[in-house]
Structure formats: structure tokens, C-alpha cells
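# Summary of the model geometry
Take a look at the letters that make up each chain.
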Amino acid sequence: MSHIQIPPGLTELLQGYTVEVLRQQPPDLVDFAVSYFTRLREARARAASPPTAPPSDSQRLEPDPGLVADAVAESSSEDDEDLDVPIPNRFDRRVSVCAEAYNPDEEEEDTDPRVIHPKTDQQRSRLQEACKDILLFKNLDEEQLSQVLDAMFERTVKVDEHVIDQGDDGDNFYVIERGTYDILVTKDSQIRSVGQYDNHGSFGELALMYNTPRAATIVATSEGSLWGLDRVTFRRIIVKNNAKKRKMFESFIESVPLLKSLEVSERMKIVDVIGEKIYKDGERIITQGDKADSFYIIESGEVSILIRSKTKANKDGGNQEVEIARCHKGQYFGELALVTNKPRAASAYAVGDVKCLVMDVQAFERLLGPCMDIMKRNISHYEEQLVKMFGSSMDLNDPGQ
Ligand code: CMP
Ligand code: CMP
């Protein structure tokens, strides 16, 4: 029997086409194939010829699904191996992946003109307040943070306004000053609400970090006010800083037992979105009964978990807090309220100076799905632990205040 050889590149070529068909659902597959492969050939020709001038903004934002990224990825795969930032894959849509890739080892001179949006004192103080808990800004030095704040601009939104549409190219990162927003994800032609932002937090970082199309639609469900940061400044400062963060936290994150089952690339995505927070001895990190929006991993120091319960054993002691657990380096806390969607079941205090890596609830849900079984198993021990301590069962979700 003769042996049929599959020509190199055929599988990838057809996969690329198939992905675009699934993504765009064209009415006529043949017409779509003609246009897809014609654009692919043109993109290849463009990628093969040396650039004459830097791409203009409009060129950079031109949506051209996957095609140029395909051609560029093929022609530059060797260079890509040196980069610390995630390499856009074949399915990426952005045109300028090569021009924008950042190599942290090359201490290149920063020649881009700085973006500055002048602000009144009142605006500046509102902006500072909105940004004070933004995890992506936590590891910036003073100068970087000041450049970020200078570049941010105010945007007010109306009810039902789409701030971001899934599938679009990424233009800005947004910090919420006020307002509520729905996070909608369309998959298999079904729109699902995967979460909300309630008057604080930030969104729109993924497309800018990874050169991917917007992964979700963000719709205002009230009037609101946002602070935007343009893509170029975001990449110049935040993405550059993330490369540094990866080096700083890589080995620690790899040692965290909870995260062992994740792929290396999944762990690095965690590093990209975490922020480091420092607490002084005795400082309260979590308050029982509060609404929850963050998850914590202890980087150094010790954390005491205290509960105020209404059980019989604690009745005489009034409303006193009782220590129920101690968490150490590499351990996590603050997952229970996020998993159960209930208020915090206990309070957490720093014992000595403590450093924690903190993740917001949206990243927790997006990135820690594979660790959910381990967390749920540990949650099932909390109840036993409480019964052992207080001698009677208590509802973890009744903060009992
Ligand atoms: P980006 O893909 O740039 O634009 C949509 C944003 O929605 C995304 O960045 C995240 O900041 C935010 N988001 C929040 N939850 C999710 C989720 N579950 N999947 C994808 N994006 C999400
Ligand atoms: P959360 O309820 O979000 O905030 C308080 C955290 O304390 C909780 O998540 C757990 O991570 C942690 N914790 C540790 N031991 C217990 C326990 N026995 N009961 C409840 N919470 C506990």
C-alpha cells in the first residue's frame, strides 16, 4: 500500500481556517475560504517584506483575524523563544504582535512620547482613590505609578452602554470609579453572565497583556464613571512590570501546593494578575460578615483566622472572637466566600508582618477552576474543625454577628 504524506503546514492551515469559521460563522463557507486564504497570502507577503515605516495606529488596530499573526508567528518563531511576555498564538487577531512584543532583557531606551491627560486636583484625588486597591498597580514603583496616573483619562458611561465588546481589539484598560457592570461571555452562540463589577475593580487587561481579542463583553448596568489607560502606556509600564513580577514570584508560585496541578503557563497567568499586599502585625486582612472580592496566598508570615460564633460553647463569652486556624507561607485563605458566594465566614489577622499575594474574584474564577476540587475538599474540613472546637455544628455561612 502506498504511503500518503501530509504536507507540512496543512494541518495548521486548515485548523486556522476552521477556527475562523467557528468564530465568525460565515453564511457561505466557500466565499469565506476564498477571502480567508487570499488575505492569508497577502499577509504573508507583507510579513516577508521588510517594514518601511512603523505601523500607524489605524493599521495596528485594523481587525484582521489571525491572518497576519499567523504569518508573523511563522516567520519569527525563533525570536519568540526569548520573550518573557506570553507569545500570541496562531489564533490571535492583532496585526502588530511583532512590533509590540516586549523583551524585558533588552533595556531599550524608552522613546515613545508620554501620554498625559491633564487633570484638576479634584479629578486627581478621585483617580487616586479609585486606583488605590488596583492589584495590577501594586508592584509599580512611584515613578511608574505617576506615569500611569498621568496617562489615565475619565470616561462616563450610561446604563446599557457597552464599554467592551467580546471579539474586538483591545484599546484601553479600565479602572472603575463607580457604577455596576455585567461581564458577559458568548460561547457556542450562547451569552452567559459570568460575573459583575460593583463600584470597584478593573477590567480590560487581558487583550492588552496577551494581544488577544476581548474575552468578554462589559455592559454598564447603572450610570458610571471609569478611568481608562491607553494600550501603549499599559504595555510600556504594566506589561513590562509583569515580566519583572514573573521573575520575582515564579519560584514561590511554583511551590504553592494548591497550584501544583496547574500548567506552568496557567501559573504564570496568575502571576500576571496578582498584586502583593503587605500587612503589619495585628492588622485585619478580612472581616467576618463582609462582602468578598479577593483571594489570598501567604507569601511570608503567619495569618490567624478568628471566628465570632453564636454556638453554645461561645455563648457565655459573648461576641468574642476565637482563633480557629493559623495559616502559613504557601497556604491560602479567603476562598470560602468566593466559592459559596456568601459573606466572609471568619476574620483574618496578620501575626507579625505579613505579605500576601492577592487575586480578585474575577481572576479567581477564571484561573483557579482546576483547583476547585482541592479547595472544596478543604472547605469540607472547616465544618468538622468547628464542631471539634465548639462541640456543636454551626453554619459557616451564618457569620453570627
Ligand atoms: P479583556 O479580554 O481585555 O476584555 C474583557 C475583560 O473582561 C477581560 O479583559 C477581563 O478583564 C474581564 N473579565 C472578567 N471576567 C472574565 C471572564 N470570566 N472571562 C474573560 N474576561 C473576563
Ligand atoms: P472566607 O469565608 O472567604 O474568609 C475567611 C476565611 O477563613 C475563609 O474564607 C477560609 O479561607 C478561612 N478559614 C480557615 N478555617 C476556617 C474555618 N474553620 N471556617 C471558616 N473559615 C475558615
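Small disclaimer: the values here were computed from a predicted structure and weren't measured.

Each value, and the rule that gives it
Residues numbered from 1 in each chain as written. Chains lettered and ligands numbered in written order. Predicted model: local features only at pLDDT ≥ 70, side-chain atom pairs only at ≥ 80, totals over all residues. Heavy atoms only, no water. Near = heavy atom within 4 Å. Polar contact = N/O pair within 3.5 Å; in protein donor to acceptor, adjacent residues only side chain to side chain. Areas by Shrake-Rupley, 256 points an atom, 1.4 Å probe, with all protein chains shown as cover. Helix = DSSP H or I, 4+ residues; strand = E, 2+ residues; numbered from the N terminus. Nonpolar A, V, L, I, M, F, W, Y, C, P; charged D, E, K, R; others polar. Pairing = 2+ DSSP bridges. Axes fitted to C-alpha atoms, helices over the stretch in contact; angles between N-to-C directions. Salt bridge = Lys/Arg side-chain N within 4 Å of Asp/Glu carboxyl O. Contact = heavy atoms within 4.5 Å. Buried < 20%, exposed > 50% of the residue type's maximum accessible area, 1.4 Å probe, protein only. Phe/Tyr/Trp six-rings, centres within 6.5 Å; stacked < 30°, edge-to-face > 60°. Lys NZ or Arg CZ within 6 Å of the ring centre and 35° of its normal. Arc of directions from axis to C-beta. Parallel < 35°, antiparallel > 145°, perpendicular 65-115°, else oblique. Left-handed = near helix turned anticlockwise from the far one by under 90°.

## Thoughts on the site of ligand 1
The environment of ligand 1 is made up of 15 residues, and the closest members are Gly204, Glu205, Ala207, Arg214 and Ala215. Separating an oxygen atom of ligand 1 from a backbone N or O atom of Gly204 is a distance of 2.9 Å. At 2.9 Å from an oxygen atom of ligand 1 is found a main-chain nitrogen or oxygen belonging to Ala207. When the free accessible area of ligand 1 is taken as 450 Å², the share hidden by the protein chains comes to 92%. Every element with two or more residues in the shell around ligand 1 is listed here: β5 (190-198), α9 (206-210) and α14 (361-367). Of the residues that constitute the shell around ligand 1, the class distribution is 10 nonpolar, two polar and three charged.

## Some points on the sheet that holds strand β6 (residues 202-203)
Pairing in this open sheet of four strands is antiparallel, and the strands run β1-β8-β3-β6 from one edge to the other. Edge positions in the sheet fall to β1 (153-157) and β6, since each of these pairs with one other strand and no more. Examined bridge by bridge, β1 and strand β8 (residues 224-230) share five bridges and lie antiparallel to one another. Within the sheet, the bridge partner assigned to Glu154 lies in β8 and is Trp227.

## Quick notes on the sheet that holds strand β4 (residues 180-187)
Taken in spatial order, the four strands line up as β2-β7-β4-β5 in an open sheet, and their pairing is antiparallel. Each of the sheet's edge strands pairs with one partner strand only, and the pair in question is β2 (162-164) and β5. If you compare each strand with its neighbour and ignore which way they point, the axes differ by 30° on average. With two bridges connecting them, β2 and strand β7 (residues 217-220) associate as antiparallel partners. By the bridge assignment, His162 is partnered in β7 with Val219.

## Topic: the site of ligand 2
As a matter of local geometry, ligand 2 sits amid 16 residues, with Gly334, Glu335, Ala337, Arg344 and Ala345 nearest to it. In this structure, Glu335 approaches ligand 2 through a side-chain N or O atom, which is 2.5 Å from an oxygen atom. A distance of 2.7 Å separates an oxygen atom of ligand 2 from a polar side-chain atom of Arg344. Coverage of ligand 2 by the protein chains reaches 98% of its 450 Å² of free accessible surface.

## Considering unusual backbone geometry
Located in the positive-phi region is Ser189, a residue other than glycine, with phi close to 60°. Checked against the element boundaries, Ser189 lands in the loop between β4 and β5. Not every positive phi belongs to a glycine, and Asn341 is a case in point at roughly 60°. Relative to the helices and strands, Asn341 is located in the loop between α13 (336-340) and β14 (347-360).

## What to know about the pattern of salt bridges
Overall, the coordinates contain 13 salt bridges when judged by the stated rule. Two residues, Glu161 and Arg155, come together in a salt bridge whose shortest N-O distance is 3.2 Å. Put simply, Arg126, Glu154 and Glu177 are held in one network by salt bridges that share partners.

## Re the environment of Arg124
Positionally, Arg124 belongs in helix α7 (residues 121-131). Residues Arg124 and Asp150, 26 residues apart in the sequence, show an inter-C-alpha distance of 8.8 Å. Contacts of Arg124, omitting those with residues within four sequence positions, involve Lys119, Ser146, Leu149 and Asp150.

## As for the environment of Gly352
Here Gly352 lies in strand β14. Judged by its relative accessible area of 25%, Gly352 falls in the partly exposed class. Between the C-alpha atoms of Gly352 and Asp281, which are 71 residues apart in sequence, the distance is 4.0 Å. The contact partners of Gly352, leaving out residues within four places of it in the chain, are Tyr279, Lys280 and Asp281.

## Observations regarding the packing of aromatic side chains
The way to describe two aromatic rings as a pair is by their centre distance and the angle between their planes. This structure, assessed with the given rule, holds eight aromatic pairs. Seen in terms of ring centroids, Phe137 and Phe173 are 6.0 Å apart; in terms of plane orientation they differ by 70°. Their pairing is edge-to-face. With Phe137 in the loop between α7 and α8 (142-151) and Phe173 in strand β3 (residues 172-178), the pair connects residues that are 36 residues apart, well separated along the chain. Each ring, one from Phe295 and one from Phe364, has its centre 5.0 Å from the other, and the planes form 50°; the classification is tilted. Within this pair, whereas Phe295 is found in strand β11 (residues 294-308), its partner Phe364 is found in helix α14, the two being separated by 69 residues in sequence. Each member of the pair Phe295 and Phe364 is classed as buried. Ring pairing ties together the aromatic residues Tyr174, Tyr181, Tyr197 and Phe203, which thus form one cluster. The aromatic ring of Tyr210 is capped on one face by Lys269, whose charged end is 5.8 Å from the ring centroid.

## Some words on α7
Buried within α7 are the following residues: Gln123, Leu127, Ala130 and Cys131. One side of α7 carries all its buried residues, which in axial view fall inside an arc of 90°. Against α8, β1, β3 and β8 lie the buried residues of α7.

## Quick word on the packing of α8 against helix α10 (residues 231-255)
As a packed pair, α8 and α10 sit with axes 10 Å apart at the nearest point and diverge in direction by 150°. For the element pair α8 / α10, the angle class is roughly antiparallel. Crossing of α8 against α10: the hand is left-handed. On α10, the residues that touch Gln144, Gln147, Val148 and Ala151 of α8 are Thr233, Arg236, Ile237, Ile238 and Asn241. Looking at the contact of α8 with α10 residue by residue, the classes come out as four nonpolar, four polar and one charged.

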